[in-house]
Amino acid sequence: EVVIVGRDTLTAVKTLWGSHPISVPIIRIESTLKKAITRLKAAGYKVFGIEIEESSQPVSSLPFAHTHHTAFLAGAEWGLSKDAMSFCDGFVYISQFGAGVPCINVGMASSIALHYFAEWRNENEKTRKIKDY
């Protein structure tokens, strides 16, 4: 399930799909983050913020493995707001190596976190077709 929060939902959906349609079981649109998180928590979800924070654990350590339902919350390019962080049950970060700035694009960080989650859940890999370019 993908939850989109905010007013400019048409732009968000277009961004989610990009130039190629993808298969997403459910897209839910919520007007505020509080409404979205309240609904998820009422359904038993634990919310993990993708953020470099004092209590963050590396996503590779699978800190969500003990939860039945998991949601990930990603911020904007400058990170999660204090308000958004207050809704989180825990935080994960993406391990980085080298002398560069400890920062990854929010889309890339989300993709990496979701990849680890899908691997842990033993999700079936999508059938691939070799493209003739």
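For the structure, check the block above.
Residues numbered from 1 in each chain as written. Predicted model: local features only at pLDDT ≥ 70, side-chain atom pairs only at ≥ 80, totals over all residues. Heavy atoms only, no water.

**Student:** How do you make sense of the nonpolar core when you look at a structure like this?
**Tutor:** A general tendency of soluble globular proteins is for nonpolar side chains to be buried together. Counting 11 residues, the largest nonpolar core is built from I37, L40, V47, A71, L73, L80, A84, M85, F87, C88 and F91. Secondary-structure elements contributing two or more residues to this core are helix 2 (33–42), strand 5 (69–73) and helix 3 (82–86). In terms of nonpolar packing, the next biggest core, distinct from the first, is built from 9 residues, V59, F64, I94 and A113 among them. (Core = buried A, V, L, I, M, F, W, Y, C linked by side-chain atoms within 4.5 Å. Buried < 20%, exposed > 50% of the residue type's maximum accessible area, 1.4 Å probe, protein only. Helix = DSSP H or I, 4+ residues; strand = E, 2+ residues; numbered from the N terminus.)

**Student:** Is there a simple way to think about the packing of aromatic side chains in this case?
**Tutor:** Centre distance and the angle of the planes are the two values used to describe a pair of aromatic rings. Counting across every chain of the model gives 7 aromatic pairs. Measuring from centroid to centroid gives 6.4 Å for F48 and F64, while their planes differ by 80°, and the two rings are edge-to-face. Here F48 is found in strand 3 (residues 45–50), whereas its partner F64 is found in the loop between strand 4 (57–58) and strand 5, with 16 residues between them in sequence. Note on F64: relative accessible area 0%, which makes it buried. Ring geometry for F48 against F72: centres 6.5 Å apart, planes inclined by 40°, an arrangement best described as tilted. Placement of F48 in strand 3 and of F72 in strand 5 is noted, with a sequence separation of 24 residues between them. Put simply, the rings of F48, F64, F72, F117 and W120 touch in pairs and so form one group of aromatic residues. (Phe/Tyr/Trp six-rings, centres within 6.5 Å; stacked < 30°, edge-to-face > 60°.)

**Student:** For this particular structure, what's the right way to read unusual backbone geometry?
**Tutor:** Across the chain, the bulk of peptide bonds are trans and the bulk of non-glycine residues have phi less than zero. The backbone of L62 shows a phi angle near 55°, a positive value even though the residue is not glycine. Of note, L62 is situated in the loop between strand 4 and strand 5. The class for L62 is partly exposed, based on a relative accessible area of 27%.

**Student:** Please clarify how the sheet that holds strand 4 should be interpreted in this entry.
**Tutor:** Backbone-to-backbone hydrogen bonds join strands into a sheet, with any given pair of strands oriented parallel or antiparallel. Taken together, the 4 strands give an open sheet; going across it, the order is 4-6-3-5, and neighbouring strands pair in parallel fashion. The sheet is open, and its two borders are formed by strand 4 and strand 5, each paired with just one other strand. Of the strand pairs in this sheet, strand 3 and strand 6 (residues 90–93) are connected by 3 bridges, and their pairing is parallel. Looking at the pairing, I50 lines up with V92 of strand 6. Against the sheet, helix 2 touches strand 3 and strand 5, its axis set at about 135° to strand 3. The strands touched by helix 4 (residues 106–120) are strand 3 and strand 5; relative to strand 5, the strand with the most contacts, the crossing angle is about 165°. (Pairing = 2+ DSSP bridges. Contact = heavy atoms within 4.5 Å. Axes fitted to C-alpha atoms, helices over the stretch in contact; angles between N-to-C directions.)

**Student:** Where do I start with the side chain of E51 in this structure?
**Tutor:** When you line up the elements, E51 lands in the loop between strand 3 and strand 4. The side chain of E51 sits in the buried core without any salt bridge; K82 is the nearest counter-charge, 9.0 Å away. (Lys, Arg positive; Asp, Glu negative; His and termini not counted. Salt bridge = Lys/Arg side-chain N within 4 Å of Asp/Glu carboxyl O.)

**Student:** Before we go on, may I ask you to explain the pairing of strand 3 in this structure?
**Tutor:** Of the strand pairs in this sheet, strand 3 and strand 5 are connected by 5 bridges, and their pairing is parallel. In the strand pairing of strand 5, K46 is matched with T70.

**Student:** I would appreciate a short explanation of helix 4 in the present structure.
**Tutor:** The end-to-end C-alpha distance of helix 4, which contains 15 residues, comes to 21 Å, matching closely the 21 Å that a straight helix rising 1.5 Å per residue would cover. Every buried residue of helix 4 is accounted for by A109, S110, A113 and F117. Within helix 4, the buried residues cover an arc of 100° as seen down the axis, which keeps them to one side. Where the residues of helix 4 are buried, they touch strand 3 and strand 5. Just downstream of helix 4, N122 is the residue with a positive phi angle, here 55°. (Expected span 1.5 Å × (residues − 1). Arc of directions from axis to C-beta.)

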